[in-house]
Amino acid sequence: MNRITKDADGRLIIPDQPTIPYITGDGVGKEITPSMISIVDAAVRKVYGTKKQIKWKEVLAGENAFKQTGEWLPDETIEKFKYYTIGIKGPLTTPIGEGMRSLNVALRQILDLYVCLRPIRWYLGITTPILAPEKVNMTVFRENTEDIYAGIEWDAGSAEAKKLCKFLQDEMGVTSIRFPETSAFGIKPISREGTERLVRAACQYAVDNHLPSVTLVHKGNIMKYTEGGFRRWGYELAEREFGEAISSKRLVIKDCIADAFLQNTLLCPEEYSVIATPNLNGDYISDQLAAMVGGIGIAPGANINYITGHAIFEATHGTAPTLVGKNIANPCSLILSAVMMLQYMGWSEAASLISRSLELCFRDSRATYDLARFMPRGHSLSTIEFTHDVIERINH
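In short, a report on the structure. (Residues numbered from 1 in each chain as written. Predicted model: local features only at pLDDT ≥ 70, side-chain atom pairs only at ≥ 80, totals over all residues. Heavy atoms only, no water.)

Some words on the overall build of the protein
No. 1: Across its full length, the protein holds 14 helices and 16 strands.
No. 2: By the compact-globule yardstick of 21 Å for 396 residues, the protein fits well, its C-alpha radius of gyration being 22 Å.
No. 3: Seen along its three principal axes, the alpha-carbon backbone of the protein occupies a region of about 70 × 55 × 50 Å.
No. 4: Each of the 396 residues in the protein was classed as buried or not, and the buried ones make up 51%.
No. 5: For the protein, the separation between the mean place of its 43 positive charges and that of its 46 negative charges on side chains is 3 Å. (Helix = DSSP H or I, 4+ residues; strand = E, 2+ residues; numbered from the N terminus. Rg over C-alpha atoms; globule rule 2.2 N^0.38 Å. Buried < 20%, exposed > 50% of the residue type's maximum accessible area, 1.4 Å probe, protein only. Lys, Arg positive; Asp, Glu negative; His and termini not counted. Charge placed at Lys NZ, Arg CZ, Asp CG, Glu CD.)

Pasting the structure below:
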């Protein structure tokens, strides 16, 4: 059987030849996804020989799906991710301001992938804008299903916006809407349950990986009941379920206002290890941290439900339409997301081999143009050349 399942104790059961559904993605997805698959296959073959192998299964989403089926996110794709438990995807197109809502957000919400996991670390050889990038080593647990990403909003001037405005003014006594006739409205839900399951996952990750602290990053000084609630519920959960680790000094729970945190990551990044934060904060934070270690092109990401085991690993960047067809796209975000996938599956030896091979390329100043141009004596490689270089190092 090629399906990944869970046992009675909630542990993943990984067959030797699991089927992994994947979305190629739009734009540069057609170039970076084959690169990722080739590198993962090479590492798995090198480490495990013929004993283990991934059975890749392409599923449709985005522009390719729309052209073939008339749907941006076919039900069949959702069902495949549900059935096979673990999947991976390239970047997908999302129009700004109008049209379909984000496919990435839709996948997270439909499958209830409540953790957006973003590990941020520096790789030797990567040139960055900060003096000591080696001090940046954080893992961001971004809540993935609530906050403004719930998509509850109404356009300015719409009947719904006028109705809500009237309700707020007449029924709730709100007097602080400065320009009611031209205001759009959005609702920001943050729940105790959503907060607790995120903070529980972050604390468990810190304990399992012997990391010193979990920092709750919020804007509770202004949004007292939503992000303030996140802070309060997070502390309560940690004290209730991880009290022994806290009392024995194996784990420290602390918090920081979001804007102060962004400053602190530049001034004293070594003071932070695991970050738990609501959705919008996590979006900003994870991208800034990625820039500090070389850019979003080497930033991996995963969307995980630790209760059901479902997970989709993904490139964290966009479709990069200006790079399409030029054979210069950087596949590292998707490759490193596949490393996270292998770690999640328990195939850590293959994951480590890929990471080491990538770092050897960077150490030798060999990378795609976006990274090589900043490296001293950087040697710019095409997407295909970089893929071959990594595979050669895997097989060495």
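The discussion continues.
Some words on the sheet that holds strand β14 (residues 311-315)
No. 1: Taken in spatial order, the ten strands line up as β4-β3-β5-β14-β13-β6-β7-β12-β10-β11 in an open sheet, and their pairing is mixed. Two strands bound the open sheet, and with one partner strand each, they are β4 (55-58) and β11 (252-257). Each strand axis lies, on average, 25 degrees off the axis of its neighbour in the sheet, ignoring direction.
No. 2: Pairing geometry for strand β10 (residues 213-218) and β11, over six bridges, is parallel. Residue T215 lies in a different strand from β11, and its bridge partner there is K254. (Pairing = 2+ DSSP bridges. Axes fitted to C-alpha atoms, helices over the stretch in contact; angles between N-to-C directions.)

Remarks on the environment of H388
No. 1: Checked against the element boundaries, H388 lands in helix α14 (residues 383-395).
No. 2: Under the relative-accessibility criterion, H388 is labelled partly exposed at 46%.
No. 3: A C-alpha to C-alpha distance of 49 Å links H388 and E244, two positions 144 residues apart in sequence.

Quick notes on the pairing of strand β7 (residues 137-143)
Here is the key point about a regular strand: its side chains alternate between the two faces of the sheet.
No. 1: Here β7 lies mainly inside the structure; six of its seven residues are buried.
No. 2: With seven bridges joining them, strand β6 (residues 115-121) and β7 adopt antiparallel strand pairing. By the bridge assignment, V115 is partnered in β7 with E143.
No. 3: Bridging between β7 and strand β12 (residues 274-277) involves four bridges; their strand directions are parallel. When the bridges of β12 are listed, T139 appears paired with V274.

Observations concerning the packing of aromatic side chains
No. 1: Under the criterion given, the structure shown has nine aromatic pairs.
No. 2: Measuring from centroid to centroid gives 4.9 Å for F261 and Y272, while their planes differ by 75 degrees, and the two rings are edge-to-face. With F261 in helix α9 (residues 258-267) and Y272 in the loop between α9 and β12, the pair connects residues that are eleven residues apart, well separated along the chain. In this structure, F261 and Y272 share a single accessibility class: buried.
No. 3: When the ring of F362 is compared with that of F386, the centres are 6.4 Å apart and the planes differ by 15 degrees; the resulting orientation is stacked. Here F386 lies in helix α14 and F362 lies in helix α12 (residues 348-363), a separation of 24 residues in the sequence.
No. 4: Under the relative-accessibility criterion, F362 is labelled buried at 1%. (Phe/Tyr/Trp six-rings, centres within 6.5 Å; stacked < 30°, edge-to-face > 60°.)

Quick look at helix α3 (residues 75-84)
No. 1: The set of residues buried in α3 consists of T77, I78, F81 and Y84. Buried residues along α3 cover an arc of 150 degrees about the axis, so they all sit on one side. Exposed side chains of α3 directed beyond 90 degrees from the buried face belong to D75 and E76.
No. 2: Where the residues of α3 are buried, they touch β3 (19-23), β4, β5 (86-89), α4 (103-110) and β14.
No. 3: T85 lies just past α3 and shows a positive phi near 75 degrees. (Arc of directions from axis to C-beta. Contact = heavy atoms within 4.5 Å.)

A word on the nonpolar core
One broad trend across soluble globular proteins is that nonpolar side chains are buried collectively.
No. 1: With 77 residues, the main nonpolar core has W56, I88, V214, I354 and F362 as its most contacted residues.
No. 2: Sorting elements by how many residues they give to this core places helix α11 (residues 332-345) first, with ten residues.
No. 3: Dropping the residues within four chain positions of it, F362 is found in contact with Y123, L124, G125, I126, I298, C332, A367, L371, M375 and F386.
No. 4: Grouped together as the second largest cluster of nonpolar side chains are 14 residues, I120, V140, A258 and V293 included. (Core = buried A, V, L, I, M, F, W, Y, C linked by side-chain atoms within 4.5 Å.)

A short note on the pattern of salt bridges
No. 1: The full count for this structure, using the stated rule, is 24 salt bridges.
No. 2: Between R231 and D255 there is a salt bridge, with its nearest N and O atoms 3.1 Å apart. In this pair, R231 sits in helix α7 (residues 227-241) while D255 sits in strand β11, placing the two residues 24 residues apart along the sequence.
No. 3: In this structure R231 comes out as partly exposed when scored by relative accessible area, which is 33%.
No. 4: Exposure remark for D255: the relative accessible area of 26% places this residue in the partly exposed category.
No. 5: One salt-bridge network, held together by shared partners, links R363, D364, R366, D389 and R393. (Salt bridge = Lys/Arg side-chain N within 4 Å of Asp/Glu carboxyl O.)

Remarks on the side chain of T139
No. 1: Considering the arrangement of structural elements, one finds T139 in strand β7.
No. 2: For T139, the residues in contact, after removing those within four places along its chain, are L117, R118, P119, Y205, S273, V274 and I275.

Focus: the environment of I275
No. 1: Position of I275 among the secondary structure elements: in strand β12.
No. 2: As a C-alpha pair, I275 and I285 span ten residues in sequence and 9.5 Å in three-dimensional space.
No. 3: Residues in contact with I275, not counting those within four places in the same chain, are M138, T139, V140, F141, T215, V217 and F261.

Concerning unusual backbone geometry
No. 1: Positioned with a positive phi, T85 is a non-glycine residue whose angle comes to about 75 degrees.
No. 2: Locating T85 in the fold gives a position in the loop between α3 and β5.
No. 3: The phi dihedral of D147 falls on the positive side, at around 65 degrees, and the residue is not glycine.
No. 4: Note on placement: D147 falls in the loop between β7 and β8 (153-154).
No. 5: For D147, a relative accessible area of 0% corresponds to the buried category.

Purely geometric numbers; function is a separate question.
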